[in-house]
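Listed below are the residues making up each chain.
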Amino acid sequence: AQSVTQLDSHVSVSEGTPVLLRCNYSSSYSPSLFWYVQHPNKGLQLLLKYTSAATLVKGINGFEAEFKKSETSFHLTKPSAHMSDAAEYFCVVSDGLRGYQKVTFGIGTKLQVIP
Amino acid sequence: GAVVSQHPSRVICKSGTSVKIECRSLDFQATTMFWYRQFPKKSLMLMATSNEGSKATYEQGVEKDKFLINHASLTLSTLTVTSAHPEDSSFYICSARITGSTDTQYFGPGTRLTVL
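Conventions we followed
- Residues numbered from 1 in each chain as written.
- Chains lettered and ligands numbered in written order.
- Predicted model: local features only at pLDDT ≥ 70, side-chain atom pairs only at ≥ 80, totals over all residues.
- Heavy atoms only, no water.
- Helix = DSSP H or I, 4+ residues; strand = E, 2+ residues; numbered from the N terminus.
- Rg over C-alpha atoms; globule rule 2.2 N^0.38 Å.
- Buried < 20%, exposed > 50% of the residue type's maximum accessible area, 1.4 Å probe, protein only.
- Contact = heavy atoms within 4.5 Å.
- Lys, Arg positive; Asp, Glu negative; His and termini not counted.
- Charge placed at Lys NZ, Arg CZ, Asp CG, Glu CD.
- Pairing = 2+ DSSP bridges.
- Core = buried A, V, L, I, M, F, W, Y, C linked by side-chain atoms within 4.5 Å.
- Buried area = accessible area lost by both parts, 1.4 Å probe.
- Salt bridge = Lys/Arg side-chain N within 4 Å of Asp/Glu carboxyl O.
- Polar contact = N/O pair within 3.5 Å; in protein donor to acceptor, adjacent residues only side chain to side chain.
- Nonpolar A, V, L, I, M, F, W, Y, C, P; charged D, E, K, R; others polar.
- Phe/Tyr/Trp six-rings, centres within 6.5 Å; stacked < 30°, edge-to-face > 60°.
- Disulfide = S-S within 2.5 Å.

Student: Explanation requested: the overall build of chain B in the structure shown.
Tutor: Helix and strand counts for chain B come out as 0 helices and 11 strands. Taking 13 Å as the expected radius of gyration for a compact globule of 116 residues, we find that chain B reaches 13 Å, a close match to that expectation. Expressed as lengths along the three principal axes of its C-alpha atoms, the size of chain B is roughly 40 × 25 × 25 Å. In chain B, buried positions account for 50% of the 116 residues. For chain B, long-range pairs separated by at least 24 residues make up 54% of all intrachain contacts whose partners lie at least 6 apart in sequence. Across chain B, the centroid of the 12 positively charged side chains sits 7 Å from that of the 9 negatively charged ones.

Student: Help me out: how do you make sense of the pairing of strand E1 (residues 4–7) of chain B in this one?
Tutor: Consecutive side chains of a regular strand alternate in pointing toward one face of the sheet and then the other. Residue and element names in this part refer to chain B. What you see with E1 is a clean split: Val 4 and Gln 6 sit on the buried side and Ser 5 and His 7 on the side with no burial. Sheet topology note: the E1/strand E3 (residues 19–25) ladder contains 4 bridges and is antiparallel. Following the sheet pairing, His 7 is matched in E3 by Glu 22.

Student: Got a minute to help me understand the nonpolar core in this structure?
Tutor: Where a protein is soluble and globular, its nonpolar side chains tend to be buried together. In this structure, Trp 35, Leu 48, Leu 76 and Tyr 89 of chain A are the most contacted members of the largest nonpolar core, which totals 26 residues. Among the elements that line this core, the one with the most residues is strand E10 (residues 87–95) of chain A, at 4 residues. Not counting residues within four places of it along the chain, the set of residues in contact with Tyr 89 of chain A comprises Gln 6, Leu 21, Trp 35, Tyr 36, Val 37, Leu 47, Phe 63, Leu 76, Gly 108, Thr 109 and Leu 111 of chain A. Within the second largest apolar cluster, 25 residues are counted, among which are Cys 13, Ala 56, Ile 69 and Ala 84 of chain B.

Student: Just checking my understanding: could you explain the interface of chain A and chain B for this structure?
Tutor: How large an interface is tends to be reported as the accessible area lost when its parts come together. With 19 residues of chain A at the contact, the number on the chain B side is 19 residues. Both faces considered, chain A and chain B share a buried interface measuring about 1,500 Å² in area, 50% of it formed by carbon and sulfur atoms. Counting every contact that joins chain A to chain B gives 0 salt bridges. Here chain A and chain B share 2 residue pairs in polar contact (both at pLDDT 80 or more) between them. Broken down by secondary-structure element, the contributors of at least two residues to the side of chain A that touches chain B are strand E5 (32–38), strand E6 (44–50) and strand E11 (102–105) of chain A. Per-element tally for the side of chain A that touches chain B: the top contributor is E5 of chain A, with 4 residues. Looking at the side of chain A that touches chain B residue by residue, the class counts come to 8 nonpolar, 7 polar and 4 charged.

Student: Explain the packing of aromatic side chains here, please?
Tutor: For any pair of aromatic rings, the description consists of the separation of the ring centres together with the inter-plane angle of the planes. Residues and elements named next belong to chain A. This model, assessed by the stated rule, comprises 13 aromatic pairs over all chains. On the basis of an interplanar angle of 15 degrees and a centroid distance of 4.1 Å, the ring pair of Tyr 50 and Phe 67 is categorised as stacked. Separated by 17 residues along the polypeptide, Tyr 50 in strand E6 and Phe 67 in strand E8 (residues 64–68) bring together distant segments of the chain. As far as the burial class goes, Tyr 50 and Phe 67 line up, both buried.

Student: Which parts of the structure should I look at to understand the state of the cysteines?
Tutor: Here, disulfide denotes a covalent bond that connects the sulfur atoms of two cysteines. Evaluation of the coordinates by the stated rule reveals 2 disulfides over all chains. Covalently, Cys 23 of chain A is tied to Cys 91 of chain A through a disulfide, its sulfur atoms 2.0 Å apart. Disulfide Cys 23 of chain A-Cys 91 of chain A: torsion about the S-S bond near -65 degrees, hence left-handed. Note that Cys 23 of chain A is positioned in strand E4 (residues 23–26) and Cys 91 of chain A in strand E10, a separation of 68 residues in sequence. There is no split in this pair, since Cys 23 of chain A and Cys 91 of chain A are both buried. The disulfide partner of Cys 23 of chain B is Cys 94 of chain B, and the gap between their sulfur atoms is 2.0 Å. Looking along the S-S bond of the Cys 23 of chain B-Cys 94 of chain B disulfide, the torsion reads about 80 degrees, which is the right-handed sense. Taken together, the residues span a long stretch of sequence, with Cys 23 of chain B in strand E3 and Cys 94 of chain B in strand E9 (residues 90–97) at a distance of 71 residues.

Quick look at the structure:
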């Protein structure tokens, strides 16, 4: 069984300050983990993904995430928030046997950036 | 690379009519495509997995006769909402997985369906 928990439904930060969006997961297999961003009325854009290589993953727009197996976490961070970062962020886990992978989305975290 | 398009981006229809939404992988082949539905302020709900040349696999609670899926080629999957009703109004998003890949899905921009 797999699950994803995004611990905060809303996060509010001031422009220029660090961003932390939390995600915990459970998986019966060695999972792949993703972060997607969705701007209002838009589709999803892949920010970054972890697939059993380096545990610290760098993505687009200055975001990065660290896979911590002992904590079953995959938190998303950015050193300095920009106004354009305001959006909804989804943590996603994918696991299962090859060809039968299941994908589960977290409920999303809405990031607000205050000028 | 790995671009997925959806058409139309927005559609408004009368109750009782059917609506077809197309999902295309523009620069890669996708043996598997996925259809999601997103409710306001909610996460994405997987509706079905579409495999080229075979019947789609529907998630529990999704009516296969209501949401018809056809994956006729390696670059095109269609979702038809039959006899649409206002409760079918939603944001429908497709994704495609590159043939041979096991994990990354590339998402389309979504289709906003409004049923009057």
